[in-house]
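# A look at the structure
The chain contents come next:
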Amino acid sequence: MSIGNGDIAPDFELPDMEVNEYFWRSREITDQLAPRISPKYRPMILASAGAGAWDLAIPELVGALSEEDVVITTAEKDTLRELMAELRKPLTYLEQIRTSD
């Protein structure tokens, strides 16, 4: 289903967050954090993001940040937590990510 800006609405329900907010926040956090991960994971995450497959891109980003022990801010972690909760994904890897503040 198209939502007007060329993006495709996700196949899952977003119980608390509006679809446009979900897309915007997913793009913003991916743009912020993808440059901090290695080329091993970055192309896969950016390809998913570029295709609008945020249900893949966000968990992949969280997994890469956790595996590579990338330190992020508390605000960035909170954003990832909210997006993962919207996707109803486990927070196991997210909890392992260290914060700098």
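Computed from a prediction, not measured in an experiment: that's the story for all the values here. (Residues numbered from 1 in each chain as written. Predicted model: local features only at pLDDT ≥ 70, side-chain atom pairs only at ≥ 80, totals over all residues. Heavy atoms only, no water.)

This part takes up the packing of helix 1 (residues 19–33) against helix 3 (residues 54–67). When two helices pack together, their arrangement is given by the angle between the helix axes and by the axis-to-axis distance. Helix 3 packs onto helix 1 with a crossing angle of 35° between their chain directions and a minimal axis gap of 11 Å. For the pair helix 1 and helix 3, the sense of crossing is left-handed. Residues Tyr22, Phe23, Ser26, Arg27, Ile29, Thr30 and Leu33 of helix 1 lie in contact with helix 3, whose contacting residues are Trp54, Asp55, Ile58, Leu61 and Leu65. Across the contact of helix 1 with helix 3, the residue classes break down as 8 nonpolar, 2 polar and 2 charged. (Axes fitted to C-alpha atoms, helices over the stretch in contact; angles between N-to-C directions. Helix = DSSP H or I, 4+ residues; strand = E, 2+ residues; numbered from the N terminus. Left-handed = near helix turned anticlockwise from the far one by under 90°. Contact = heavy atoms within 4.5 Å. Nonpolar A, V, L, I, M, F, W, Y, C, P; charged D, E, K, R; others polar.)

Let us now look at the environment of Ile97. Along the chain, the position of Ile97 falls in the segment after helix 5 (92–95). You can call Ile97 buried: its relative accessible area is 3%. For Ile97 and Ser66, which are 31 residues apart along the polypeptide, the C-alpha to C-alpha distance reads 5.0 Å. Not counting the four nearest positions on each side in its chain, Ile97 is found in contact with Val62, Leu65, Ser66, Val70, Ile72 and Lys77. (Buried < 20%, exposed > 50% of the residue type's maximum accessible area, 1.4 Å probe, protein only.)

As a packed pair, helix 3 and helix 4 (residues 74–87) sit with axes 10 Å apart at the nearest point and diverge in direction by 135°. Regarding the angle of helix 3 to helix 4, the classification is oblique. Between helix 3 and helix 4 the crossing geometry is left-handed. Contacts between helix 3 and helix 4 involve Trp54, Asp55, Ile58, Pro59, Leu61, Val62 and Leu65 from the first element and Leu80, Leu83, Met84 and Leu87 from the second. (Parallel < 35°, antiparallel > 145°, perpendicular 65-115°, else oblique.)

Keep in mind these values describe shape, not function.
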